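Coordinate analysis (summary)
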Amino acid sequence: MRHKSRSVAVFPGSFDPITNGHIDIVDRALKVFDEVIISILVNAEKKPLFSAEERLGLIRDAFRGEQRVRGDTFSGLLVDYAMRVGASVIIRGLRAISDFEYEFQMALMNRRLNPRIETVFLMAPEGFSYLSSRLVKEVFDLGGDVRGLVPPVVERRLREKRQSAAKRGRGRKD
Ligand code: PNS
């Protein structure tokens, strides 16, 4: 009899910060795969709001107690990273048709780089089809309400960031 090996999937992204849309994708991926690794791309070119360590902390808080989910960081080629952690699947969420072209290009490039790694797309729930980390940051920055769009721990950290930025602003000499 053949033993079924543990299926590991990587869910890569910037996660700056993780949103409830990402969490929904992971929850649904757990119905299909044994383990999901949420992997933050450490990209020296981008200026993120949260450092990679902070983003990892937020992911760990959001999935505390869920043994089958772990957070990690990576740099370099995603397919090489997936091989290193023993994942045979890359998960990506699709929100709208506008995501499709970019995702299609990435999936085909990754398949060319390593045909053993399969990309699987999960549809974002319709209630979150407009949601992105970028919009969350923008809305929060402009004083809008992001409750229900991000886990409570992310909302708290966004508020703390705003408070420390305001303090720094007050401390600055004109
Ligand atoms: O959250 P994002 O920005 O949509 O995530 C993009 C990500 C991290 C999945 C993509 O940029 C990536 O995989 N980068 C790693 C570099 C790589 O492997 N590039 C070639 C594949 S297209």
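This structure is a prediction, so every number in the text was calculated from the model and none was measured.

Cut-offs applied
Residues numbered from 1 in each chain as written. Predicted model: local features only at pLDDT ≥ 70, side-chain atom pairs only at ≥ 80, totals over all residues. Heavy atoms only, no water. Near = heavy atom within 4 Å. Polar contact = N/O pair within 3.5 Å; in protein donor to acceptor, adjacent residues only side chain to side chain. Areas by Shrake-Rupley, 256 points an atom, 1.4 Å probe, with all protein chains shown as cover. 1 Å grid on protein atoms, 1.4 Å probe; cavity = no way out; pocket = protein on both sides within 12 Å on 5 of 7 lines; lining within 4 Å. Sits in = over half its atoms within 2 Å of the grid points. Pairing = 2+ DSSP bridges. Helix = DSSP H or I, 4+ residues; strand = E, 2+ residues; numbered from the N terminus. Axes fitted to C-alpha atoms, helices over the stretch in contact; angles between N-to-C directions. Contact = heavy atoms within 4.5 Å. Expected span 1.5 Å × (residues − 1). Buried < 20%, exposed > 50% of the residue type's maximum accessible area, 1.4 Å probe, protein only. Arc of directions from axis to C-beta. Right-handed = clockwise from strand over helix to strand, strands pointing away. Core = buried A, V, L, I, M, F, W, Y, C linked by side-chain atoms within 4.5 Å.

1. A few points about the site of the ligand
Of all residues adjacent to the ligand, which total 13 residues, the nearest are Gly13, Ser14, Leu78, Arg92 and Asn110. Within the backbone of Leu78, an N or O atom sits 2.8 Å from an oxygen atom of the ligand. One of the side-chain nitrogen or oxygen atoms of Arg92 is found 2.8 Å away from an oxygen atom of the ligand. Protein contact buries 75% of the 550 Å² of open area that the ligand shows by itself. More than half of the atoms belonging to the ligand lie within 2 Å of the grid points that define the largest pocket.

2. Description of the sheet that holds strand E2 (residues 35-41)
Sheet strands pair via backbone hydrogen bonds, and the direction of the pair is either parallel or antiparallel. Strand order across the open sheet formed by five strands is E3-E2-E1-E4-E5, with parallel pairing between neighbours. One side of each edge strand has no neighbouring strand; the edge strands of this open sheet are strand E3 (69-74) and strand E5 (118-123). Within the sheet, the average angular offset between the axes of one strand and its neighbour, ignoring direction, is 35 degrees. Here E2 runs beside E3; their pairing, made up of six bridges, is parallel. In the sheet register, Ile37 faces E3, and the bridge partner there is Arg70. Each of strand E1 (8-13), E2, E3, strand E4 (89-94) and E5 touches helix H1 (residues 20-29); the most contacted strand, E5, lies at about 115 degrees to it. With respect to the sheet, helix H4 (residues 97-113) is in contact with E4 and E5, its orientation differing from that of E4 by roughly 170 degrees.

3. Some thoughts on helix H6 (residues 152-171)
Between its first and last C-alpha atoms H6 spans 29 Å; for 20 residues at 1.5 Å apiece the expected length is 28 Å, and the two agree. Listed in full, the buried residues belonging to H6 are Val153, Val154, Glu155 and Leu158.

4. Describing helix H2 (residues 52-62)
The α-helix advances 3.6 residues per turn, and as a result positions three or four apart in sequence lie on the same side. Among the residues of H2, those classed as buried are Ala52, Arg55, Leu56, Leu58 and Ile59. Down the axis of H2, the buried side of the element spans an arc of 160 degrees, and every buried residue falls inside it. Residues of H2 that are buried in the fold lie against E2, E3 and H6.

5. Re the pairing of E4
Among the six residues in E4, five count as buried, and that is most of the element. Where E4 meets E5, six bridges bridge the pair, whose relative direction is parallel. Across the sheet, Arg92 pairs through a bridge with Phe121, a residue of E5. In terms of handedness, the path from E4 via H4 over to E5 forms a crossover that is right-handed.

6. A closer look at the side chain of Glu103
Mapped onto the elements, Glu103 comes out in helix H4. In this structure Glu103 touches Arg92, Gly93, Leu94 and Phe121, once residues within four positions along its chain are discounted.

7. Focus on the nonpolar core
Membership of the largest hydrophobic core comes to 32 residues, with the highest contact counts inside it found for Ile18, Val26, Val36, Ile38, Phe63 and Ile91. Counting residues per element, the ones that place at least two in this core are E1, H1, E2, H2, E4, helix H5 (133-141) and H6. Top element by residues in this core is H1. It accounts for four residues. Apart from the residues lying within four places of it in its own chain, the contact partners of Ile91 are Ala9, Val10, Phe11, Pro12, Ile25, Ala29, Phe33, Val36, Val120 and Leu122. Val8, Val10, Ala87 and Ile117 belong to the second-largest nonpolar core, a separate cluster that totals eleven residues.

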